[in-house]
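Report on the structure
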Amino acid sequence: AQTYTKTEVDARTTVASTTQAQGLTSNTTLITPLRLAESFKGSNQSLTPNGFQKMPGGLIIQWATISIVSSPTSYNFPIAFPVSCASLTITGLNLPVGVVEVMNPDSITATRFLASATGGQIYKYIAIGY
């Protein structure tokens, strides 16, 4: 192990810019607590009713409010998962809530899912993928 003086450490390192922190690609810059918080913002998140949050490492969480109808209908995620949707949970908001049916596991793709519901109620979903 080598030992460096503060001057040597300062000469060899820089603090990440917001852009570098959000890009999550540099291994030659330091990230401060402020830059860590900023790394989750920008194009890595959309905190809207139909939004998403990208996490370091590739995990993405998405959510939306939708009206599921009785015939099989395609519902798009706010953004495409780069690889796959690993989990989809749908919750009813109206009482009585109809029964939701996601058509089959193959109907859940990186961009959308097919679903139908008795009663055509309002639902929220959360999807997790990578």
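That block above? That's the structure.
As a starting point, this report considers the structure included with it. Everything quoted here is computed from the prediction, not taken from an experiment.

**Thoughts on the sheet that holds strand β7 (residues 112-117)**
- One open sheet accounts for 3 strands, arranged β4-β7-β6; its pairing is antiparallel. Of all strands in the sheet, those with a lone pairing partner are β4 (73-76) and β6 (100-102), marking the two edges. Here the average twist between neighbouring strands, direction ignored, is 40°.
- Where β6 meets β7, 3 bridges bridge the pair, whose relative direction is antiparallel. Note on β7: the bridge partner recorded for Val 102 is Ala 115.

**With respect to the packing of aromatic side chains**
- Applying the stated criterion across every chain, the model contains 5 aromatic pairs.
- Here Phe 77 and Phe 113 contribute two aromatic rings whose centre-to-centre distance is 5.6 Å and whose plane-to-plane angle is 40°, an arrangement assigned as tilted. Of the two residues, Phe 77 sits in the loop between β4 and β5 (85-92) while Phe 113 sits in strand β7, which places them 36 residues apart along the sequence.
- Assessed through its relative accessible area of 6%, Phe 77 is described here as buried.
- Of the aromatic side chains, those joined through ring pairs into one cluster are Tyr 75, Phe 77, Phe 81, Phe 113 and Tyr 125.

Calculation rules
Residues numbered from 1 in each chain as written. Predicted model: local features only at pLDDT ≥ 70, side-chain atom pairs only at ≥ 80, totals over all residues. Heavy atoms only, no water. Pairing = 2+ DSSP bridges. Helix = DSSP H or I, 4+ residues; strand = E, 2+ residues; numbered from the N terminus. Axes fitted to C-alpha atoms, helices over the stretch in contact; angles between N-to-C directions. Phe/Tyr/Trp six-rings, centres within 6.5 Å; stacked < 30°, edge-to-face > 60°. Buried < 20%, exposed > 50% of the residue type's maximum accessible area, 1.4 Å probe, protein only.

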